[in-house]
Amino acid sequence: MPVLDGLDVAVPEGTFAAVVGPSGCGKSTLTRLVAGLMKPDEGEVWLHGERVKGPRKTVGMAFQNPVLLEWRTILDNVILPLEIVATGMSRADRIARAMELLDMVGLTGFENKRPSELSGGMRQRASLCRSIVHKPDVLIMDEPFGALDAFTREDLWQTMRDLRRAEPFTAVLITHDLRESVFLGDQVIVLSGRPARTQYVMDVDLPEDRTLDSLYTPKAAEMLHILRDQIKIAQGRNPEEH
Amino acid sequence: MLRKIAVPVLAIVAFLGLWELLVWVNDWPNYKMASPSDLPPAFWRYKELFLTMGWQTLWRTVAGLLLAVVFGTAIGMIIGFSKIARDALYPLLVGFNAIPKATLVPVISLIFIGQHDFNTILMAFMISFFPIAVSVGIGLSTLEPEYRDILRALGASRLTIFRKIALPKTLPEFFGALKVSATLAFIGTNLVEIISPHGRGLGALFKSGETNGDYPLMFAVLIALAFLGILLYYAVIILERIFAGWAEREAS
């Protein structure tokens with residue numbers, strides 16, 4: 001049985017798409033397809049006018065697990081992608097680029113620490129820096145904030161928002177958190193249960209410069225309500241039930 | 001730093017004291033159990049033999065261990081990366097490891113007749129490669145896919161992924177196994193030196209002590225072997241500090 005079937009998602013260049021859906025519906029498979037780590041049995045994935053046939057240097061990835069290398073310092077962890085895709089870049093330029101990002105996420109002064117010396121939220125910040133250090137066209141995130149506590153998660157949402165303002169990239173975020181999808185997304189895509197297809201697409205009608213308070217406006221509440229109902233449908237439940 | 005040296009030294013002194021006490025209280029004669037105070041004269045009397053034969057044992061053990069590192073790592077990589085190779089090789093490896101190596105001494109001394117150094121090194125290798133192969137194999141096969149994906153998504157080659165991620169991530173397991181293998185390799189060397197005597201190594205010295213009924217000498221050989229074992233073990237620890245020191249965490 002296919003994991004994804006009839007999935008049709010278009011993410012306009014430079015926008016942020018949040019993908020939500022019931023557990024086990026194939027969201028992670030979607031990220032692996034977009035990243036070129038997996039080939040679709042049927043159908044196609046296109047990125048920036050090119051068909052994805054395998055891994056490409058212009059993709060960034062972040063996971064729920066920050067996947068930092070314990071034997072490297074935070075700085076050297078952030079530099080890692082540059083060692084693969086920017087082989088001609090000098091060490092000094094790599095350091096400058098990494099420090100610029102570390103500064104943006106508030107990790108200045110921690111660049112020489114080991115990952116084990118940092119808190120979970122800080123590790124995830126470093127992981128985000130690593131995922132965009134090589135200026136990818138597309139950033140693919142598979143529940144990057146899922147393992148963090150609620151307040152740290154909200155801090156990271158704001159960091160993500162600020163990073164996007166400073167560095168334009170197209171983003172696909174897989175999440176289970178509806179508030180997160182509305183806060184970060186330009187559009188929210190709801191996937192159905194397995195096999196996953198596009199069930200519902202919502203354009204997020206909130207101001208560009210949203211703050212956490214924007215989530216407590218009537219408009220946000222209305223959108224969250226609609227999404228909640230869509231999730232229930234995706235789970236195969238009646239939206240009228242509570 | 002002082003405590004780091006003082007604690008193990010005190011433990012050794014306490015052990016020797018207890019040993020001396022045990023022999024003294026039971027009034028055991030030398031042929032039953034030599035006491036630590038009998039050992040320095042034995043070492044002194046045969047000091048040149050201890051040095052030359054100890055060196056023979058040490059270099060052949062280290063050579064066997066180096067072979068074990070090379071082949072063990074290679075086998076570990078094969079079973080770590082290929083599921084088919086893993087299924088095929090595990091029963092063979094476990095079976096081979098289960099064979100008491102003492103039974104192989106006559107076999108290899110017949111195949112490579114007279115090649116004493118080679119036989120000894122071969123035995124040290126055969127007895128010590130298994131832990132290395134298994135732990136490298138497990139280290140590689142249990143690498144979380146995300147670790148591979150962060151580089152694979154950028155189009156990195158398998159070799160680059162191995163060099164930058166899989167290899168360093170496996171180092172702590174590798175050194176854990178190397179500590180076990182280092183002491184095992186001495187057992188291999190001495191099996192050949194004792195079972196197939198050719199007049200070289202501490203095993204030969206032990207054998208001659210047995211022939212002459214020189215019990216303090218036999219015990220002195222055992223202590224010398226323990227000393228060499230400790231020496232090699234700490235050499236491995238130093239290498240571990242250098243190459244995998246990051247894996248050590250401060251006890252909280």
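Please read these numbers as outputs of a predicted model, since none were measured by experiment.

Trainee: When you look at the nonpolar core in this model, what are you seeing that I'm missing?
Mentor: As a rule of thumb, nonpolar side chains are buried together in soluble globular proteins. With 91 residues, the main nonpolar core has Met61 of chain A together with Phe50, Leu202 and Val221 of chain B as its most contacted residues. When residues in this core are grouped by element, the largest group, 14 residues, is from helix H8 (residues 158-195) of chain B. In this structure Phe50 of chain B touches Ala42, Phe43, Trp55, Leu202, Leu205, Leu217, Ala220, Val221 and Ala224 of chain B, once residues within four positions along its chain are discounted. Membership of the second largest hydrophobic core comes to 50 residues, among which are Ile79, Leu156, Trp157 and Val182 of chain A.

Trainee: Explain unusual backbone geometry to me, please; I cannot follow it from the model alone.
Mentor: Glycine aside, residues mostly have negative phi angles, and peptide bonds mostly take the trans form. One non-glycine residue, Lys135 of chain A, lies in positive phi territory at about 50 degrees. By the element assignment, Lys135 of chain A lies in the loop between helix H4 (120-132) and strand E5 (138-142). Positive phi values are uncommon outside glycine, yet Asp27 of chain B reaches one of about 55 degrees. Residue position: Asp27 of chain B is located in the loop between helix H1 (2-26) and helix H2 (39-45).

Trainee: How should I be thinking about the sheet that holds strand E6 (residues 170-174) of chain A in this particular structure?
Mentor: All names here are of chain A. Strand order across the open sheet formed by six strands is E4-E5-E6-E1-E7-E8, with mixed pairing between neighbours. Here the strands that pair on one side only, and so sit at the sheet edges, are strand E4 (59-63) and strand E8 (198-203). Strand-to-strand twist of the sheet, defined as the mean angle between neighbouring strand axes without regard to direction, takes the value 15 degrees. Relative to E6, strand E1 (residues 16-20) runs parallel, the two being bridged by four bridges. From the neighbouring strand, Phe16 faces E6, where its bridge partner is Ala171. Its contacts with the sheet put helix H7 (residues 218-234) on E1, strand E7 (187-191) and E8, and the angle it makes with E8 is roughly 175 degrees.

Trainee: Is there a simple way to explain the packing of aromatic side chains in this structure?
Mentor: How two aromatic rings sit relative to each other is given by the distance of their centres and the angle of their planes. What the rule picks out here adds up to twelve aromatic pairs over all chains. Ring centres of Trp71 of chain A and Trp246 of chain B lie 5.2 Å apart, and the angle between their planes is 50 degrees; on these two criteria the pair is classed as tilted. A residue pair is termed interchain when its members come from two chains, as with Trp71 of chain A in the loop between E4 and helix H2 (74-85) and Trp246 of chain B in the segment after helix H10 (215-244). Here Trp71 of chain A and Trp246 of chain B have matching classes, each one buried. The interplanar angle of 55 degrees and the centroid separation of 6.1 Å between the aromatic rings of Phe15 of chain B and Trp19 of chain B together place this pair among those described as tilted. Taken together, the residues span about one helical turn, with Phe15 of chain B and Trp19 of chain B both in helix H1 at a distance of four residues. Under the relative-accessibility criterion, Phe15 of chain B is labelled exposed at 52%. Taken together, the aromatic side chains of Phe71, Phe96, Phe125 and Phe129 of chain B make up a single cluster linked through ring pairs.

Trainee: Can you walk me through the pairing of E8 of chain A in this structure?
Mentor: In the case of a regular strand, side chains alternate between the two sheet surfaces. Residues and elements named next belong to chain A. Of the strand pairs in this sheet, E7 and E8 are connected by five bridges, and their pairing is antiparallel. Bridge assignment links Val190 to a residue of E8, and that residue is Tyr200. The loop that links E7 with its antiparallel partner E8 comprises six residues.

Trainee: What am I meant to see in H2 of chain A here?
Mentor: Because an α-helix packs 3.6 residues into every turn, residues spaced three or four apart end up facing the same way. Burial runs high along H2 of chain A: ten of the twelve residues are buried. Turning to H2 of chain A, its buried residues are Ile74, Leu75, Asn77, Val78, Ile79, Leu80, Pro81, Leu82, Glu83 and Ile84 of chain A.

Trainee: What's the story with the interface of chain B and chain A in this structure? I'm lost.
Mentor: By a widely used convention, the size of an interface equals the accessible area lost when the partners come together. Each partner contributes residues to the interface: chain B has 17 residues there, and chain A has 25 residues. Here chain B and chain A share an interface that buries about 1900 Å² over both sides, 70% of which is from carbon and sulfur atoms. For the interface between chain B and chain A, the tally reads two salt bridges. A salt bridge links Asp149 of chain B to Arg32 of chain A; the nearest nitrogen and oxygen atoms lie 2.5 Å apart. Residue assignment for the side of chain B that touches chain A shows that the elements contributing at least two residues are helix H7 (145-152) and H8 of chain B. Broken down by element, the side of chain B that touches chain A gets its largest block of residues, six residues, from H7 of chain B.

How each quantity is defined
Residues numbered from 1 in each chain as written. Chains lettered and ligands numbered in written order. Predicted model: local features only at pLDDT ≥ 70, side-chain atom pairs only at ≥ 80, totals over all residues. Heavy atoms only, no water. Core = buried A, V, L, I, M, F, W, Y, C linked by side-chain atoms within 4.5 Å. Buried < 20%, exposed > 50% of the residue type's maximum accessible area, 1.4 Å probe, protein only. Helix = DSSP H or I, 4+ residues; strand = E, 2+ residues; numbered from the N terminus. Contact = heavy atoms within 4.5 Å. Pairing = 2+ DSSP bridges. Axes fitted to C-alpha atoms, helices over the stretch in contact; angles between N-to-C directions. Phe/Tyr/Trp six-rings, centres within 6.5 Å; stacked < 30°, edge-to-face > 60°. Buried area = accessible area lost by both parts, 1.4 Å probe. Salt bridge = Lys/Arg side-chain N within 4 Å of Asp/Glu carboxyl O.

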